[in-house]
Amino acid sequence: MNYRIGVDLGGTGIKAGVVDENFNIVCRESAATDAARRGFEQVVEDMVRVAEKAAAQIGLTLSDFPCVGVGTPSCISPKTGLLVFSNNTNWRNVPLRQELEKRIAAPVLIGNDANCAVVGECVAGAAKGYRDVVMFTLGTGVGSGIVIGGKMYAGADGMGAELGHTPLIYGGEPCTCGANGCAESYASVTGLIRDTKRAMERHPESAMHAHAALHGAVSGRTAFDCAKEGDLAALEVAERYCDYVAAVIAGAVSVFRPEIVLIGGGVSNAGAFLLDRLNERAVKRVFAGEIIGCAPIAAARLGNDAGIVGAAYLDQW
Ligand SMILES: [Zn+2]
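Throughout, a residue's number is its position along its own chain's written sequence, starting from 1. Where totals are concerned, whole chains, interfaces and linings use all residues; where local detail is concerned, this predicted model gives features only for residues with pLDDT of at least 70, and gives and counts side-chain atom pairs only at 80 or more. Side-chain metrics rest on all non-hydrogen atoms present in the structure, leaving aside hydrogens and water.

With that settled, consider the sheet that holds strand E2 (residues 13-19). Reading across from one edge, E3-E2-E1-E4-E8 is the order of the five strands in this open sheet, with mixed pairing throughout. Sheet topology places strand E3 (25-32) and strand E8 (108-112) at the edges, where each strand pairs with a single neighbour. For this sheet, the mean inter-axis angle between neighbouring strands, taken without regard to orientation, is 20 degrees. Pairing between strands is defined by DSSP: at least two bridges between the two strands are required. A run of H or I in DSSP counts as a helix once it spans at least four residues, and a run of E counts as a strand once it spans at least two, with each numbered from the N terminus. Inspection of the sheet shows E2 paired to E3 by seven bridges, in the antiparallel sense. When the bridges of E3 are listed, Lys 15 appears paired with Ser 30. Its contacts with the sheet place helix H1 (residues 40-56) against strand E1 (4-9), E2, E3 and strand E4 (68-72), and it is angled at close to 30 degrees to E2. Lines fitted to the C-alpha atoms define the axes, with helices restricted to the stretch that makes contact. Angles between their N-to-C directions range from 0 to 180 degrees. The contact criterion used throughout is that any non-hydrogen atoms of two residues lie within 4.5 Å.

In structure tokens form, the structure reads like this:
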């Protein structure tokens, strides 16, 4: 059996997984990232330790793997190995790959987490068998990954493929990147929650109040769950959210003409309610949609594992 290993460095946790030939994660290890209180080198030490412990579960060491792949939500230069900027850890220009390679006797590859996720879905998930794929991860932000002709596309020095920061509404809501009106300001769960709260203020009669009280907070589910139950204020929020996401998808499809578009992240749990609307609406917005249609929009399949699986296969994409 040939095994591979992927590491997911997130804002809260470091996760490592060993992936077998059937693309199943057969052993896992994790630890807290805690970058706010610890230096970069301590976090790197932990990444190595977590990967070693995962490998040890099946009697392997890191030198037994063809490479060690790392995915993290950051601007990363695959060429220089530099992590240029990370919101989560607040690191700037740290030599992530070099520091890992000092401690690991195998080649190390690093990539942005959304790029790893689309590779994971291509290797083992909902995009298996497709060569042209666009994936959106709708979470705290909007991550995106692009595969063109069977190769991951990340632009010059790996800094591109940020579809979450394409302009959606001129002069719109502020975005985490400093600009206004980005796709992310509307299509993220953060944007959805903001719009849900605003609708709740306008509609004290809405079932969303009871839903939020029952679940302890307003979440990305509040509007969708209540819309499915026929709450009018919730339906308005959910419909508008679907319009935003469909517009963002249509823009990407007009540029890249993928064979399939995948939606990952927590919002994809809204299921057919979301996907039916996206498929129906994106085709109306996409270039020449009435003549040549639009790629099918489907849910991603690997969930949080996509990052680890994709990182483990970064060298092939
Ligand atoms: Zn932005």
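Let us now look at the sheet that holds strand E7 (residues 92-94). Here we have three strands laid out as an open sheet, ordered E5-E6-E7, and antiparallel in their pairing. Unpaired on one side and paired on the other, strand E5 (75-76) and E7 mark the two borders of the sheet. Strand direction decides the pairing type here: E5 and strand E6 (residues 83-85), joined by two bridges, are antiparallel. For Cys 75, the partnering residue across the bridge sits in E6 and is Phe 85.

Another aspect to go through is the coordination of the zinc ion. Donors, by definition, are the N, O and S atoms found within 2.8 Å of a metal, the threshold being 3.2 Å for Na, K and Ca, and water is not counted, so a site can look incomplete. Taken together, His 165 (ND1), Cys 175 (SG), Cys 177 (SG) and Cys 182 (SG) make up the protein donors of the zinc ion, found 2.0 to 2.4 Å from the metal. Because the angles between the four donor atoms bound to the zinc ion fall within 104 to 121 degrees, the donor set is best described as tetrahedral. For the zinc ion, the single-chain donor residues occur in sequence as H-x9-C-x1-C-x4-C. Taken together, the positions of His 165 in the loop between strand E11 (151-153) and helix H4 (183-187) and Cys 177 in the loop between E11 and H4 put the pair 12 residues apart, joining distant regions of the chain. All geometry calls rest on donor angles, where a four-donor set with angles between 85 and 135 degrees is tetrahedral, four- and six-donor sets with opposite donors more than 155 degrees apart and all others between 65 and 115 are square planar and octahedral, and all else is irregular.

Before going further, it helps to examine the pattern of salt bridges. Opposite charge on two side chains lets them pair, provided their charged atoms get close. Any carboxyl oxygen of Asp or Glu within 4 Å of a side-chain nitrogen of Lys or Arg constitutes a salt bridge here. Inspection of the entire model under this criterion finds 17 salt bridges. In this structure, the salt-bridge partner of Arg 4 is Asp 315, at a minimum N-O distance of 2.9 Å. Highlighted residues: Arg 4 in strand E1 and Asp 315 in the segment after helix H11 (306-312), separated in sequence by 311 residues. A 1.4 Å probe rolled over the protein chains alone gives each residue an accessible area, and that area as a share of the maximum for its type sets the label: buried under 20%, exposed over 50%, partly exposed in between. For Arg 4, a relative accessible area of 11% puts it in the buried group. What emerges from the salt-bridge pattern is a single network uniting Glu 45, Glu 99, Lys 102 and Arg 103.

Turning next to the layout of surface pockets. What the second largest pocket holds in volume is close to 260 Å³. Cavity and pocket criteria rest on a 1 Å grid covering protein atoms alone: a 1.4 Å probe that fits but cannot get out defines a cavity, protein on both sides within 12 Å along at least 5 of 7 lines defines an open pocket, and an atom within 4 Å of a point defines a lining residue. Lining the second largest pocket are 17 residues; nearest its centre among them are Pro 78, Lys 79, Ile 110, Met 152 and Gly 158. For the lining of the second largest pocket, the element with the most residues is E8, which contributes five residues. Under the scheme applied here, ten amino acids are nonpolar (Ala, Val, Leu, Ile, Met, Phe, Trp, Tyr, Cys and Pro), four are charged (Asp, Glu, Lys and Arg), and all others, including Gly, are polar. Grouping the constituent residues of the lining of the second largest pocket by class yields nine nonpolar, five polar and three charged. Grid points are joined across faces, edges and corners, and a volume is the space filled by probe spheres set on the points.

This brings us to helix H5 (residues 189-202). Over its 14 residues, H5 runs 20 Å from end to end, which matches the ideal 20 Å to within 8%, given 1.5 Å per residue. Turning to H5, its buried residues are Val 189, Gly 191, Leu 192, Arg 194, Asp 195, Thr 196, Ala 199 and Met 200. Against strand E9 (133-138), H4, helix H6 (208-215), helix H7 (220-228) and helix H8 (232-256) lie the buried residues of H5. Helix span, expected: 1.5 Å multiplied by one less than the number of residues in the helix.

Don't take any of this as a statement about function, it's just geometry.
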